Amino acid sequence: MALVAGIDSSTQSCKVVIRDAGTGALVRQGRASHPDGTEVHPDAWWDALSEAISRAGGLGDVSALSVGGQQHGMVCLDRDGNVVRPALLWNDTRSAQAALDIIREAGNGDPELGAGFWVSATGTVPVASLTLTKLRWLAENEPENAARVAAVCLPHDWLSWRLAGFGPGTGEAGLAALRTDRSDASGTGYYSASSGEYLPDALRAALGHVPLLPAVVGPLEIAGKTPEGALIGPGAGDNAAAALGVGAGVGDVVLSLGTSGTVFAVSSAPAADASGLVAGFADATGNYLPLACTLNATRVFDATAALLGVSLDEFSALALAAPLGAGGLTLVPYFDGERTPNLPDATGSLHGITRTNYTSANLARAAVEGVVCSLADGLAALQAQGVEARRIILIGGGAQSPAVQQAASQLLELPVVVPAPGEYVADGAARQASAVLAGAFPDWSADATEVTAAPSDGSVLARYRRHAGAYLA
Ligand SMILES: Nc1ncnc2c1ncn2[C@@H]1O[C@H](COP(=O)(O)OP(=O)(O)O)[C@@H](O)[C@H]1O
Ligand SMILES: O=C(CO)[C@@H](O)[C@H](O)COP(=O)(O)O
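Here we summarise the structure given alongside this text. All figures in this text were calculated on a predicted structure; none of them were measured in a lab.

Moving on, we get to the nonpolar core. Residues Val-16, Ile-18, Trp-45, Leu-49, Leu-77, Trp-158 and Leu-163 are the most contacted members of the largest nonpolar core, which totals 55 residues. Once residues within four sequence positions are removed from consideration, Trp-45 is found in contact with Ser-9, His-34, Val-40, Gln-70, Val-75, Ala-87, Leu-89, Pro-155, Trp-158 and Leu-159. Ranked by size, the runner-up nonpolar core spans 52 residues in total, among them Val-278, Leu-331, Leu-375 and Leu-379.

As structure tokens, this is what we get:
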């Protein structure tokens, strides 16, 4: 029995699953936490990966592995392979002004023309999350660090590279061994999802020079080998890996609730949304992955549960005890600023408070509804791009909450399916590892339950849109 490993290095933690390469049966697994913050030294990911691997019983008997990772994080290496500074993560908003400047400059001062330029050049209008804007921030604010950058890669690229035995001190030959895949490259802002080429001019304008970039390997290509001889797959951005993990097909829209809220679908055509709501990413199979991403999902639940002094299970039970519409409370969940819509400096707000509706249950319910409604807008933006939505596949840590499951079914007004509890990003990476071993994607099945539909009421989403819309006005 050949074994494969799938790794998910996400914002909050690192998860490792070890599966039978043929049947997909779960053999063992492990996880370890990441530090908090929007700026993290990659060594912390390596430490967490090492701990998660050891908790999963090691990789000694594994024939192939792949890494899925949080997208966009800026990992800068000097010419010896040392990390130049802690990585700025996807949810770090300090490069918001750089994003605006990059758009305006491309349009000769006109932001609409600039957005059009970027959508046709890369598939995505730059926002603070993208690696390109972080590089510009670096050049403007830390020019000495910028000058030392010999190579730029993403979290999953860097971890695959370390697993292949490269790292500090491996020099320029080491840098030349960096690899990435199309899905993660498409989130950088300096790669065209449709042509499959990097944009050196964009990099030169942002960073001041063109650093070495990881070679982009195909969906079934080998990106390297561990010193013990296990094959390393191309890896993927975490959302593309999740699409693989749940086996998303035509008509499926995946809704993932982790630190980020994402809504995405596999599509045979690239997206081109000049409004910036939908990012035109690539997937991990050679297709595309139109995606909308918010900065505020399960941490809104964490913060509200902490405020109420309850566990996450109690928080969910409280939210279920309140009526649909939370007695008139509306929570706009922009606690950490927001990316979709692009409001990096926004803060959250609570509306409609009366003496009677101001209860713990309504507050918990309003938090759940606010997060789901913010993603309903992402779903609508995907549909406006021609994505067919027949059902929602709900995943991520937040999918475990029965209140979230119910609210998704009520507010999105589509059938909602919840796969059996699992790590679907890591599973997608394991599936990719199996594909690299066998030369084709395996046909692994996963159990899923459809959420029982509860009465819905369009006025809840309409009320949310009034309050959230006021931010844009
Ligand atoms: N029962 C639950 N109810 C609500 N949220 C939950 C529950 N269990 C886990 N979570 C949420 O899952 C989140 C972590 O999800 P995960 O998908 O691993 O995040 P990330 O991929 O961003 O690291 C935590 O913030 C936590 O709030
Ligand atoms: O920025 C995006 C997608 O564009 C995020 O989805 C990150 O990829 C982080 O994901 P999680 O760690 O929250 O799952």
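Now for the sheet that holds strand β20 (residues 391–395). In spatial order, the strands read β16-β17-β15-β14-β20-β21-β22; together these seven strands make up an open sheet with mixed pairing. Of all the strands in the sheet, the pair left with one neighbour each is β16 (279–282) and β22 (448–450). Sheet twist, expressed as the average angle between the axes of neighbouring strands with direction ignored, equals 30°. Across three bridges, the pairing between strand β21 (residues 416–419) and β22 is antiparallel.

What follows is about the pattern of salt bridges. Across all of its chains, the model carries 20 salt bridges by this definition. Measuring nitrogen to oxygen at the nearest pair gives 2.4 Å for the salt bridge that ties Glu-51 to Arg-55. Taken as a pair, Glu-51 and Arg-55 lie in helix α1 (residues 42–55) at a separation of four residues, close to a single helical turn. The partner of Arg-136 in a salt bridge is Glu-105, and the shortest N-O contact between them spans 2.7 Å. You can see Arg-136 sitting in helix α4 (residues 131–141) and its partner Glu-105 sitting in helix α2 (residues 96–106), a full 31 residues away along the chain.

Enumeration over the complete set of coordinates arrives at six aromatic pairs. With centroids separated by 5.1 Å and ring planes inclined at 85°, the aromatic side chains of Phe-117 and Trp-118 adopt a geometry described as edge-to-face. Overall, the relative accessible area of 6% leaves Trp-118 in the buried class. Above the plane of the ring of Trp-137 lies Arg-94, whose end atom (NZ or CZ) is 5.0 Å from the centre.

Each value, and the rule that gives it
Residues numbered from 1 in each chain as written. Chains lettered and ligands numbered in written order. Predicted model: local features only at pLDDT ≥ 70, side-chain atom pairs only at ≥ 80, totals over all residues. Heavy atoms only, no water. Core = buried A, V, L, I, M, F, W, Y, C linked by side-chain atoms within 4.5 Å. Buried < 20%, exposed > 50% of the residue type's maximum accessible area, 1.4 Å probe, protein only. Contact = heavy atoms within 4.5 Å. Pairing = 2+ DSSP bridges. Helix = DSSP H or I, 4+ residues; strand = E, 2+ residues; numbered from the N terminus. Axes fitted to C-alpha atoms, helices over the stretch in contact; angles between N-to-C directions. Salt bridge = Lys/Arg side-chain N within 4 Å of Asp/Glu carboxyl O. Phe/Tyr/Trp six-rings, centres within 6.5 Å; stacked < 30°, edge-to-face > 60°. Lys NZ or Arg CZ within 6 Å of the ring centre and 35° of its normal.

Shape descriptors only; they carry no functional weight alone.
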